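Close look at the chain arrangement
Given next are the chains, with one letter for each unit.
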Amino acid sequence: MASKAASSCRLVFCLLISAAVLRPGLGWYTVNSAYGDTIVMPCRLSVPQNLMFGKWKYEKPDGSPVFIAFRSSTKKSVQYDDVPEYKDRLNLSENYTLSISNAKISDEKRFVCMLVTEDNVFEAPTVVKVFKQPSKPEIVSKAPFLETEQLKKLGECISKDSYPDGNITWYRNGKVLQPLEGAVVIIFKKQMDPVTQLYIMTSSLEYKTTKADIQMPFTCSVTYYGPSGQKTVYSEQAVFDIYYPTEQVTIQVLPSKNAIKEGDNITLKCLGNGNPPPEEFLFYLPGQPEGIRSSNTYTLADVRRNATGDYKCSLIDKKSMIASTAITVHYLDLSLNPSGEVTKQIGDALPVSCTISASKNATVVWMKDNIRLRSSPSFSSLHYQDAGNYVCETALQEVEGLKKRESLTLIVEGKPQIKMTKKTDPSGLSKTIICHVEGFPKPAIQWTITGSGSVINQTEESPYINGRYYSKIIISPEENVTLTCTAENQLERTVNSLNVSAISIPEHDEADEISDENKEKVNDQAKLIVGIVVGLLLAALVAGVVYWLYMKKSKTASKHVNKDLGNLEENKKLEENNHKTEA
């Protein structure tokens, strides 16, 4: 029995060694697996009835076998060979399917499933392919800026941990960048980690930018193969700051140059359209050939009208690139003659002039005691009502805040003038005596009476308006009396007297003086009456002309009627004569 078992083992060993020669296996079969996943390899052989055991091996690069798993068909036991790289990673199922956990790049081999009977060995080879998706590509070592018309390294696109290696592609605004001599240079490199056998792929891009690349996004992608086929992963967009030289210079004026007035501060601002913009400029002031070096702003404080002119600025290193602007400093002068406080005598003439000098047409407004006048004042003969506070005000409408004003305080003085009137009460029991006074400063009025009589009530005074007012008393004299009215101011003392008869003696009353206000009302009423009368006369004239034309037409019509009647009578006479002749 021992010799028979030994011969049987020798037979199995020989069969294992020469299995490929004794019985060709099935065709090649490939299993694709993702890195880190579990590799599952079915045996793909029908289990024979007289199976002794099943076994898995893999082949080294030189073709020599390495057995890794064994399963008996009778004992149902599984044994794993002492292969360090597969320790604790193998699992052989009852149907002889081999599973390898935590797939690695080194698992890419040709594995063989072997089913052994007493007289034969059956084989089924399986090729394992392992794939590793690369990391998302990233643009690194990015240039802080790019300069137009210069070939400069833009950055590097890197993707790690790929198997097998992939390809990197660059894009500008979504379009593929192809190498172009002197404009686009792409250098691709790949490196394998000797431990993990994974690839690191790097692609550097040198690019010659133009102003068209401003705000243009650059991206890159990695294309790789996975278990299910080819795939592509894209990086995040990268936008680069593009530097380009200044091609044009502009100058600005703050505040708006249409509203600059004397006393303002002017700020000149010079701008270049390059990137980065120039930080310093040369500023040229009117009448100064040499430029003033400054930052992009230059301020003139408290400007005067002589600052009007052309202002320029240019680049420091390229003076031919220059910009200019014209500035007008608006001004407004006002001269009032006379001005301040002026004292004149009533009846005097006073010429008044308000002279304006301005950079533009200015509006002029006259005010008297805060009331707007329709025209400028002119005094050929001063009256008390002409006194007051006059203001001449002017402004430039287009320039905010440019206003000027001067004032004239006119005082009209006059010596006191007195006029006395008297009026008998309709009851005949009293008489009213009025002392009308005119003058400025306001005269003080004092009454004195000579003769017997009594004052019925205290003195009554009217308001002092336009240099005029009156004082009134009511008396009932029993005999003839004389009333004296005294008016006095700083200029003179004036006295006037009025004889008043006793209350029992009738006398002629004197009319009261009409005030200026009443005079104006009377004048207005007179004008209204004159207008009505003139209107009525014109209407009567028109009616007379119409009537005359009507009568003229009527006479002409009567003549024609009479003529027609005469013709009718003649015709009747001729007809009568004709009848007589025939008879």
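Residues numbered from 1 in each chain as written. Predicted model: local features only at pLDDT ≥ 70, side-chain atom pairs only at ≥ 80, totals over all residues. Heavy atoms only, no water.

- Identification of the protein chain as CD166 antigen from Phocoena sinus is taken from an unreviewed UniProt entry.

1. Considerations on the state of the cysteines
- Going through the model one piece at a time under the given rule, you end up with five disulfides.
- For Cys 43, the disulfide goes to Cys 113, at an S-S distance of 1.9 Å. Taking the sign of the torsion about the S-S bond as the criterion, the disulfide between Cys 43 and Cys 113, at about -85 degrees, is left-handed. Pair noted here: Cys 43 is in the loop between strand S2 (39–41) and strand S3 (51–59) and Cys 113 is in strand S8 (residues 110–117), with a separation of 70 residues, a long-range link. For the pair Cys 43 and Cys 113, a shared accessibility class is recorded, and that class is buried.
- Across the disulfide from Cys 157 sits Cys 220; the S-S distance is 2.0 Å. Taking the sign of the S-S torsion, 75 degrees for the link of Cys 157 and Cys 220, the bridge is right-handed. Here Cys 157 is found in strand S12 (residues 151–162), whereas its partner Cys 220 is found in strand S17 (residues 217–226), with 63 residues between them in sequence. (Disulfide = S-S within 2.5 Å. Helix = DSSP H or I, 4+ residues; strand = E, 2+ residues; numbered from the N terminus. Buried < 20%, exposed > 50% of the residue type's maximum accessible area, 1.4 Å probe, protein only.)

2. A word on the environment of Lys 55
- Its place among the elements puts Lys 55 in strand S3.
- Counting along the chain gives 61 residues from Lys 55 to Val 116, while the straight-line C-alpha distance between them is 8.0 Å.
- Excluding residues that lie within four positions of it along the chain, Lys 55 makes contacts with Phe 67, Ala 69, Phe 70, Asp 81, Val 112, Cys 113 and Met 114. (Contact = heavy atoms within 4.5 Å.)

3. Topic: the sheet that holds S12
- Taken in spatial order, the four strands of this open sheet run S10-S12-S16-S15, and their pairing is antiparallel. Because the sheet does not close on itself, it has two edges, and the strands there are strand S10 (138–140) and strand S15 (184–192). Across the sheet, the mean angle from the axis of one strand to that of its neighbour is 25 degrees, orientation sign disregarded.
- Bridge count between S10 and S12: three bridges; the pairing is antiparallel. When the bridges of S12 are listed, Glu 138 appears paired with Ile 158. (Pairing = 2+ DSSP bridges. Axes fitted to C-alpha atoms, helices over the stretch in contact; angles between N-to-C directions.)

4. Topic: the environment of Glu 147
- Mapped onto the elements, Glu 147 comes out in strand S11 (residues 146–147).
- Judged by its relative accessible area of 28%, Glu 147 is partly exposed.
- Distance in space between the C-alpha atoms of Glu 147 and Ile 242 is 5.7 Å, their sequence separation being 95 residues.

5. Focus: the pattern of salt bridges
- As enumerated under the stated definition, the model contains 19 salt bridges in all.
- For Arg 304, the salt bridge identified is with Asp 302, shortest N-O distance 2.7 Å.
- With a closest N to O distance of 2.5 Å, Arg 468 and Glu 438 form a salt bridge. In this pair, Arg 468 is assigned in strand S38 (residues 468–475) and Glu 438 in strand S35 (residues 431–440), connecting sequence segments 30 residues apart.
- On the basis of relative accessibility, which here comes to 24%, the residue Arg 468 falls in the partly exposed class.
- A network of salt bridges, in which partner residues are shared, links Glu 262, Arg 305 and Asp 333. (Salt bridge = Lys/Arg side-chain N within 4 Å of Asp/Glu carboxyl O.)

6. Observations concerning the nonpolar core
- Formed by 29 residues in total, the largest nonpolar core has its most connected members in Met 41, Trp 56, Ile 68, Leu 98 and Phe 111.
- Among the elements of the structure, S2, S3, strand S4 (65–72), strand S6 (90–92), strand S7 (98–100), S8 and strand S9 (121–131) are those that each provide at least two residues to this core.
- Judged by nonpolar contacts, the second largest core, of 22 residues, contains Ile 168, Val 184, Val 222 and Ile 242. (Core = buried A, V, L, I, M, F, W, Y, C linked by side-chain atoms within 4.5 Å.)

7. Let's talk about the confidence of the model for the protein chain
- Model confidence for the protein chain is summarised by a mean pLDDT of 84, while 84% of its residues fall at 70 or above.
- Confidence, read as mean pLDDT per element, is least for helix H2 (residues 19–22) in the protein chain (36) and greatest for S10 (97).
- A low-confidence stretch, residues 453–457 stays under pLDDT 50, and its non-local contacts, those more than four residues away or across chains, total 12 contacts.
- Within the model, the stretch residues 514–524 combines pLDDT values under 50 with five contacts to residues more than four positions away or in other chains. (pLDDT = per-residue confidence, 0-100.)

8. Digging into the pairing of strand S18 (residues 229–234)
- Here S17 runs beside S18; their pairing, made up of six bridges, is antiparallel. Bridged to Tyr 224 within S18 is Lys 231.
- Between S17 and S18, which pair antiparallel and follow one another directly, the connecting turn spans two residues.

9. Structural notes on the environment of Pro 65
- Position of Pro 65 relative to the elements: it lies in strand S4.
- Sequence separation of Pro 65 and Phe 111 is 46 residues, and the distance between their C-alpha atoms is 9.4 Å.
- Leave out the neighbours within four places in its chain, and Pro 65 touches Lys 57 and Tyr 58.

10. Concerning the sheet that holds strand S21 (residues 249–254)
- One open sheet accounts for three strands, arranged S21-S22-S25; its pairing is antiparallel. The open sheet has two edge strands, S21 and strand S25 (297–300), and neither has a second partner. Within this sheet the neighbouring strands show an average axis-to-axis angle of 20 degrees, counted without direction.
- Bridge analysis of S21 against strand S22 (residues 266–272) gives six bridges, and the strand direction is antiparallel. Across the sheet, Val 253 pairs through a bridge with Leu 268, a residue of S22.

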